[in-house]
Amino acid sequence: MSLYGMMRTGVSGMNAQANRLSTVADNIANSDTTGYKRSSIEFSSLVMPTTGGAYNSGGVNSTIRTAISDRGDLKGTTSVSDLAIRGDGFFVVQDSGGTPYMTRAGSFVPDAQGRLVNAAGYQLMAYSYANGVPAATVNGFQGLVPVQISDGKMTATPSTSGTFSGNLPSGANAIVAPATAPSGNAATAQYTNKSSMVVYDNLGNKVMVDIYFTKTAAGSWDVAVFDQSKAAAGGPFPYGAGGLLGNATLTFDGTGKLTGATDSVTFTPPGGVPLKLDLKGLSQIGTGYTATGQVNGNGPSNIEKVTIGKDGTIYAQYQDGSTKPLYKIPLAQVPSPDRLIQQSGNVFTQSPDSGDVQIGFASEGKRGEIISGALENSNVDIAEELTNMISSQRSYTANSKVFQTGSELMDILVNLKR
């Protein structure tokens, strides 16, 4: 029986070294594969019970380990959609059937539908800004959608908010009676200062609005917003029917700071949606009238280019110069990444030993930041793999000699003559 055990031990050793050589072969073959994580074999002894003075040889067990938590070096590229992670997180991707996976392989390029797909055919998943600023689903993949960016799709966004900053001159001596302020829209209306702004309606058309600031008392100003297209010929007052879009009264304290409950004016441009113009940036001090302002929204325009921030936000820059956030890329994390199950295409799924998937955004915890225009190299060390190959070859040969010796001893026993 000891000879049979000796031969089985030799076979066990050859099988273990064959497994090790298989991992070496995979590692070398994928040494240039983006995001590839090297595999290795860990050996453990298999001891058989010994009875009396007879020794029963055991064998060796081999366990596959994948160095998923071992990061590869980053290399720069010229493509904005090439993504790498400087941290412990994983991109969330899905296959054509909609099954989610995790990966570090960020070589994404647009397909025919504008979806970002990596070299293995997996689609990048993210949260959309279509319904406002996204929030992560911390314990699952729900809410994620494929990132899809189409250069040929034109977009127009109505203005919903804006800011107006500057100074209203405290030294303005001409105080206008409230009855003759612009908000009354009379032909004899008087005002202190005036500015105009461009806003956008629902179809992306530009709408000009006139904004009047009128001092009606010490520290008190009337604000009135009009549709410029309704101005009277040679006027501008009185504006036509529906010309007054909104008005408010501002109050300033003795230091020139805006006080009171009113710090904005809300109005609806023709063909648009309600727009809140924030006026908190206004002051009333002893200098001249100054004004700066901006609103959101944009007219019909094609996407000119796409940029991706370190926080994972995908921005579209349109031909008119405006930018708009489209998606926010999350990063997945598990308590024990080296216990994830490796699948074809450099993707991973959770296992009972890896722990549950946790979803968040870049720079949260140890997830790291997203680097656009970079890729993660494989973490394979060719010199180490060649050394392992030589070591495995010699160990395999030695184990085969053990098997051969046992076979020869069996031949001697079989051929013994009385």
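Let me begin by describing the structure that accompanies this report. As the structure is a computational prediction, the values presented were derived from the model and not from experiment.

### Regarding the pattern of salt bridges
Phase 1 of the analysis: By the definition in use, this model includes ten salt bridges.
Phase 2 of the analysis: Of the charged contacts in the structure, one is a salt bridge between arginine 71 and aspartate 88, with a shortest N-O distance of 2.9 Å. Note that arginine 71 is positioned in the loop between β2 (59-66) and β3 (74-76) and aspartate 88 in the loop between β4 (83-86) and β5 (91-94), a separation of 17 residues in sequence.
Phase 3 of the analysis: Accessibility expressed as a relative area gives 43% for arginine 71, which makes it partly exposed.
Phase 4 of the analysis: With its nearest N and O atoms 2.8 Å apart, the salt bridge here joins lysine 280 to aspartate 278.

### Description of the packing of aromatic side chains
Phase 1 of the analysis: This model, assessed by the stated rule, comprises 13 aromatic pairs.
Phase 2 of the analysis: With 5.3 Å between their ring centres and 40° between their planes, phenylalanine 164 and phenylalanine 213 make a pair best called tilted. Taken as a pair, phenylalanine 164 in strand β12 (residues 161-167) and phenylalanine 213 in strand β14 (residues 206-217) lie far apart in primary sequence, 49 residues in all.
Phase 3 of the analysis: Taking relative accessible area as the criterion, phenylalanine 213 reaches 0% and is therefore assigned buried.
Phase 4 of the analysis: Their ring planes at 85° and their centres at 5.7 Å tell us that tyrosine 212 and phenylalanine 226 sit as a pair that is edge-to-face. In this pair, tyrosine 212 is assigned in strand β14 and phenylalanine 226 in strand β15 (residues 220-227), connecting sequence segments 14 residues apart.
Phase 5 of the analysis: For tyrosine 212, a relative accessible area of 0% gives the class buried.
Phase 6 of the analysis: Residue classification places phenylalanine 226 among the buried residues on the basis of a relative accessible area of 0%.
Phase 7 of the analysis: Positioned above the aromatic ring of phenylalanine 361, the side-chain terminus of lysine 328 is 4.4 Å from the ring centre.

### Quick look at the environment of alanine 383
Phase 1 of the analysis: Tracing the backbone shows alanine 383 in helix α2 (residues 382-414).
Phase 2 of the analysis: Note on alanine 383: relative accessible area 48%, which makes it partly exposed.
Phase 3 of the analysis: Linking alanine 383 and isoleucine 28, residues 355 residues apart in sequence, is a C-alpha distance of 9.9 Å.

### Digging into the sheet that holds β15
Phase 1 of the analysis: Pairing is antiparallel in the open sheet, where five strands are placed in the order β13-β14-β15-β16-β17. At either end of the open sheet lies a strand with only one pairing partner, and these are β13 (193-200) and β17 (258-259).

### Describing a nonpolar patch on the surface
Phase 1 of the analysis: Together, Leu409, Ile412, Leu413 and Leu416 make up a nonpolar patch on the protein surface, roughly 390 Å² of accessible area in all.
Phase 2 of the analysis: As for its position among the elements, leucine 416 is in the segment after α2.
Phase 3 of the analysis: A relative accessible area of 59% means that leucine 416 is categorised as exposed.

### Description of the pairing of strand β23 (residues 313-318)
Looking along a regular strand, one sees the side chains alternate between the two faces of the sheet.
Phase 1 of the analysis: Of the strand pairs in this sheet, strand β22 (residues 303-308) and β23 are connected by five bridges, and their pairing is antiparallel. In the strand pairing of β23, lysine 305 is matched with glutamine 317.
Phase 2 of the analysis: Between β22 and the antiparallel strand that follows it, β23, lie four residues; glycine 312 among them carries a positive phi value of about 90°.
Phase 3 of the analysis: Where β23 lies against strand β24 (residues 323-328), five bridges are found, and the strand directions are antiparallel.

Rules of the game
Along each chain, residues carry numbers from 1 onward, in the same order as the chain's sequence is written. Confidence filtering applies because this is a predicted model: local features only for residues at pLDDT of at least 70, side-chain atom pairs given and counted only at 80 or more, and all residues used for totals across whole chains, interfaces and linings. To obtain the side-chain values, all non-hydrogen atoms of the structure were used and water was disregarded. The salt bridge definition used is simple: a Lys or Arg side-chain nitrogen within 4 Å of an Asp or Glu carboxyl oxygen. Secondary structure counts use DSSP, requiring at least four H or I residues in a row for a helix and at least two E residues in a row for a strand, with both numbered from the N terminus. In this scheme, a residue with accessible area under 20% of its type's maximum is buried, one over 50% is exposed, and one in between is partly exposed, where area comes from a 1.4 Å probe on protein chains only. Pairing of aromatic side chains requires ring centres within 6.5 Å, counting the rings of Phe and Tyr and the six-membered ring of Trp. Pairs whose planes differ by under 30 degrees are stacked, by over 60 edge-to-face, and all others tilted. Criterion for a charge above a ring: Arg CZ or Lys NZ at most 6 Å from the ring centre, at most 35 degrees from the ring normal. If DSSP finds at least two bridges between two strands, the strands pair. Note on patches: the residues involved have over 30% relative accessible area and no salt bridge, like charges join within 9 Å, and the nonpolar side chains Val, Leu, Ile, Met, Phe, Trp and Tyr join within 5 Å. Each accessible area is a Shrake-Rupley estimate made with a 1.4 Å probe; only the visible protein chains count as cover when residues are assessed.

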